[in-house]
2 protein chains.
Amino acid sequence: VTSGSVPADGSIAWHRADLLDDHDRRTLVAGVRADALVHLAWCAKPPAYWRDPDNLRWVGATLELVRAFASCGGTRVVGAGTCAEYDWRYGLCTEGLTPVNAATLYGASKAACGAVLDAYGRDAGISAAWARLFFLFGPHDSAVRLIPSLVASLSAGEPARCTAGGHYRDFLPVEDAAAAIVALLQTDVTGPVNVGSGTPRSVASMARAVASCLGRETLLTVDEAVSEAPLVTASIERLHREVGWRPTREFAAALESTVRWWASAQAREASA
Amino acid sequence: VTSGSVPADGSIAWHRADLLDDHDRRTLVAGVRADALVHLAWCAKPPAYWRDPDNLRWVGATLELVRAFASCGGTRVVGAGTCAEYDWRYGLCTEGLTPVNAATLYGASKAACGAVLDAYGRDAGISAAWARLFFLFGPHDSAVRLIPSLVASLSAGEPARCTAGGHYRDFLPVEDAAAAIVALLQTDVTGPVNVGSGTPRSVASMARAVASCLGRETLLTVDEAVSEAPLVTASIERLHREVGWRPTREFAAALESTVRWWASAQAREASA
């Protein structure tokens, strides 16, 4: 959490709590008595989160958080799901159509949590939506991900290799994901809603665009091989028709802005 | 839990704990260090359990129990799932084929828990199976269920009405369910396994059999109407082929034994 970007005019109040701590969580919810909840916290450190046993704790903590929120008068919840809930053999992921069949503990845990919240929402009379986030990129991410690791090598004048370049994924700037979640919160749409760009892009094209931003195309080697799950992309029909939201950021500009942010952050860190 | 039927020769040790209490649960698991776990506890009081918000707590507590068990050296788990995980519009419920699409919070919570344990088992290197129990009957059940409520009315010489008689369900004596769970525990079969009779029987035929046991057929009115989910029955192919187990009790005898048990229990209670 970075509180540096929060306006100091008192329009936003910060409350810190450890959601994995029963007492902390209950005290927070009973004290704030919010009517709307956006819950994004989870174990998410790559690559460990795919198999982190803490996924089990987050299922329980998330369910207890929403239950406490409902009993304190809350009415609208948006939780964070993932494209990893879907069976990736189908390629195009459509809510309510593409089978949910996660290949990982993270995906299975998110799918489980979303399904219980869907049923609980109906019973408890609260409105619960589940934003299935696709492949986000932007600043403040883990430095081991594709873009920051490419930026680190290429900026240093070192060769970089992009493996699995032939895979198509649905990439979305994190600012767009945040805007989609806010839009979703302000509706009464319930259940799973994909939050993606709706446009499949190859990992190779992402890597080439990063190298191009830095003027280091010659340092990049791209391996176009494809292993499992050649295509994972979102249907954004539900997001568009029911939530009334579409990605607004120009993709190349968002990618360039992310590359610049990482280059600066890494330069600051190197000189610190 | 009834400890009255446990042999007093020391071959079985009882440990009591509140599994919803973090400290109790951890102390139990670390103290016993079992290699096998059969976990049946859940909120199950009819009819409240279908929508009881405590289903959320049991999801979390179950996941934490299995996680603690694995980290204390446990290797084999059988959890209790339910036929209510399936989409009942399909009628015949087959593991891995019939869609999981619970209509209730209970079913959604059980399905979620089973799916996470399946993924966790693969990651944590433990062997986890999920016994999807169908419609059990027997002694020591809740007195509001079909058989005890019919026995109560008919034994007292009062008329009884069986509604929804045209529904076909898969009924199994609870002793058979227990034997199936033990058989499943002794294999390495993982994932969902239906525990049912494989034989659909109408609710009307069950009610008539109860009345017949008591010689009170004339007091029974059966409404053959069917509303939702006319047929819910188990495929027991996986139970038979992979676990090597089939129901062994003769159905009519098991039903009669249950009816006698309830008649005696209700007579004892009335005279107490």
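Conventions we followed
- Residues numbered from 1 in each chain as written.
- Chains lettered and ligands numbered in written order.
- Predicted model: local features only at pLDDT ≥ 70, side-chain atom pairs only at ≥ 80, totals over all residues.
- Heavy atoms only, no water.
- Helix = DSSP H or I, 4+ residues; strand = E, 2+ residues; numbered from the N terminus.
- Rg over C-alpha atoms; globule rule 2.2 N^0.38 Å.
- Buried < 20%, exposed > 50% of the residue type's maximum accessible area, 1.4 Å probe, protein only.
- Contact = heavy atoms within 4.5 Å.
- Areas by Shrake-Rupley, 256 points an atom, 1.4 Å probe, with all protein chains shown as cover.
- Lys, Arg positive; Asp, Glu negative; His and termini not counted.
- Charge placed at Lys NZ, Arg CZ, Asp CG, Glu CD.
- Pairing = 2+ DSSP bridges.
- 1 Å grid on protein atoms, 1.4 Å probe; cavity = no way out; pocket = protein on both sides within 12 Å on 5 of 7 lines; lining within 4 Å.
- Points joined across faces, edges and corners; volume = space filled by probe spheres on them.
- Buried area = accessible area lost by both parts, 1.4 Å probe.
- Salt bridge = Lys/Arg side-chain N within 4 Å of Asp/Glu carboxyl O.
- Polar contact = N/O pair within 3.5 Å; in protein donor to acceptor, adjacent residues only side chain to side chain.
- Nonpolar A, V, L, I, M, F, W, Y, C, P; charged D, E, K, R; others polar.
- Axes fitted to C-alpha atoms, helices over the stretch in contact; angles between N-to-C directions.
- Least-squares fit on C-alpha atoms with pLDDT ≥ 70 in both.
- pLDDT = per-residue confidence, 0-100.
- Core = buried A, V, L, I, M, F, W, Y, C linked by side-chain atoms within 4.5 Å.

With respect to the overall build of chain A
Part 1: Broken down by element type, chain A carries eight helices and 11 strands.
Part 2: Taking 19 Å as the expected radius of gyration for a compact globule of 272 residues, we find that chain A reaches 19 Å, a close match to that expectation.
Part 3: Each of the three principal axes of chain A carries a C-alpha extent, and together these read 60 × 45 × 35 Å.
Part 4: Split into buried and exposed, the 272 residues of chain A put 47% on the buried side.
Part 5: Once local pairs closer than 6 in sequence are excluded, the contacts in chain A between residues at least 24 apart make up 80%.
Part 6: Taken as a whole, chain A presents about 12,900 Å² of accessible surface, with 53% of it coming from carbon and sulfur.
Part 7: If the 25 positive side-chain charges of chain A are averaged to one point and the 29 negative ones to another, these points end up 1 Å apart.

Observations regarding the pairing of strand β8 (residues 191–195) of chain B
Residue and element names in this part refer to chain B.
Part 1: Most of β8 sits out of view: four of its five residues are buried.
Part 2: The sheet contact formed by strand β4 (residues 127–133) and β8 spans five bridges and is parallel. Looking at β8, one finds that Trp 130 is bridged to Pro 192.

Focus: empty space enclosed by the protein
All names here are of chain A.
Part 1: This structure, assessed with the given rule, holds one cavity of 30 Å³ or more.
Part 2: Size it by volume and the largest cavity reaches roughly 40 Å³.
Part 3: Lining the largest cavity we find Val 77, Gly 114, Leu 117, Asp 118, Ala 128, Ala 129, Trp 130 and Gly 191.
Part 4: Those elements that place two or more of their residues in the lining of the largest cavity are α3 (105–124) and β4 (127–133).

Here's the deal with the interface of chain B and chain A
Part 1: Each partner contributes residues to the interface: chain B has 24 residues there, and chain A has 24 residues.
Part 2: Between chain B and chain A the total buried area reaches about 2,000 Å² when both faces are included, carbon and sulfur atoms providing 64% of it.
Part 3: It is B:Leu56, B:Arg67 and B:Asp123 that lose the most area in chain B upon contact with chain A, and together they represent 29% of the buried surface on that side.
Part 4: The interface formed by chain B and chain A holds four salt bridges in total.
Part 5: For A:Asp123, the salt bridge is made with B:Arg51, and the minimal N-O distance between the two is 3.3 Å.
Part 6: The interface formed by chain B and chain A contains four residue pairs in polar contact (both at pLDDT 80 or more).
Part 7: When contributions to the side of chain B that touches chain A are tallied by element, the ones reaching two or more residues are α2 (54–71) and α3 (105–124) of chain B.
Part 8: No other element matches α3(B), which puts 10 residues into the side of chain B that touches chain A.
Part 9: The residue makeup of the side of chain B that touches chain A, split by class, is 13 nonpolar, three polar and eight charged.

Side note on the sheet that holds strand β1 (residues 36–39) of chain A
Residue and element names in this part refer to chain A.
Part 1: Reading across the sheet, the four strands line up as β1-β2-β4-β8 and stay open at both edges, with parallel pairing between neighbours. Edge strands, defined here as strands with exactly one partner in the open sheet, are β1 and β8 (191–195). Neighbouring strand axes in the sheet, compared pairwise and without regard to direction, differ in orientation by 25 degrees on average.
Part 2: Those strands touched by α3 are β2 (76–82), β4 and β8, and its axis lies near 160 degrees from that of β4.

Describing the relation of the copies chain B and chain A
Part 1: In the superposition of chain B on chain A (RMSD 0.0 Å, axial shift 0.0 Å), the rotation amounts to 180 degrees. Taken together, the rotation and translation relating the two chain copies correspond to the operation of a two-fold axis.
Part 2: When the interface residues of chain B are mapped onto chain A, 100% of them again fall at the interface, so both copies present the same face.

Examining the sheet that holds β4(B)
The strands that make up a sheet pair up through hydrogen bonds in the backbone, lying either parallel or antiparallel.
All names here are of chain B.
Part 1: The strand order across the open sheet built from four strands is β1-β2-β4-β8, with neighbouring strands paired in parallel fashion. The open sheet has two edge strands with one neighbour each: β1 (36–39) and β8. Adjacent strand axes in the sheet meet at a mean angle of 25 degrees when their direction is disregarded.
Part 2: Where strand β2 (residues 76–82) meets β4, seven bridges bridge the pair, whose relative direction is parallel. Opposite Ala 80, over in β4, you have Ala 131 as the bridge partner.
Part 3: Lying over the sheet, α2 contacts β1 and β2, oriented at roughly 170 degrees with respect to β1.
Part 4: Strands in contact with α3 are β2, β4 and β8; relative to β4, the strand with the most contacts, it is inclined by about 160 degrees.

Observations regarding the confidence of the model for chain A
As a general rule, the predicted coordinates of low-pLDDT regions are not to be interpreted in detail.
Part 1: Across chain A, pLDDT averages 95, with 98% of residues at or above 70.
Part 2: For this predicted complex, the interface score ipTM comes out at 0.81, alongside a pTM of 0.88.

Re the pattern of salt bridges
Residue and element names in this part refer to chain B.
Part 1: For the structure shown, the criterion picks out 26 salt bridges over all chains.
Part 2: Among the salt bridges present, the one from Asp 54 reaches Arg 57, with a minimum N-O distance of 3.9 Å. With Asp 54 and Arg 57 both in helix α2, this residue pair falls three residues apart, about one helical turn.
Part 3: A relative accessible area of 31% means that Arg 57 is categorised as partly exposed.
Part 4: With a closest N to O distance of 3.0 Å, Arg 249 and Asp 176 form a salt bridge. Remark: Asp 176 occurs in helix α5 (residues 174–185) and Arg 249 occurs in the loop between α7 (237–243) and α8 (251–271); sequence separation between them is 73 residues.

With respect to the nonpolar core
Side chains that are nonpolar tend, in soluble globular proteins, to be buried together.
Part 1: If you look at the biggest cluster of nonpolar residues, it comprises 64 residues, and the most contacted ones within it are A:Leu63 and B:Leu63.
Part 2: Secondary-structure elements contributing two or more residues to this core are α2 (54–71), α3 and β4 of chain A together with α2, α3 and β4 of chain B.
Part 3: Residues in contact with A:Leu63, not counting those within four places in the same chain, are A:Cys113, A:Val116, A:Leu117, B:Leu56 and B:Val59.
Part 4: In this structure, A:Cys93, A:Ala160, A:Leu172 and A:Ile181 belong to the second largest nonpolar core, which totals 48 residues.

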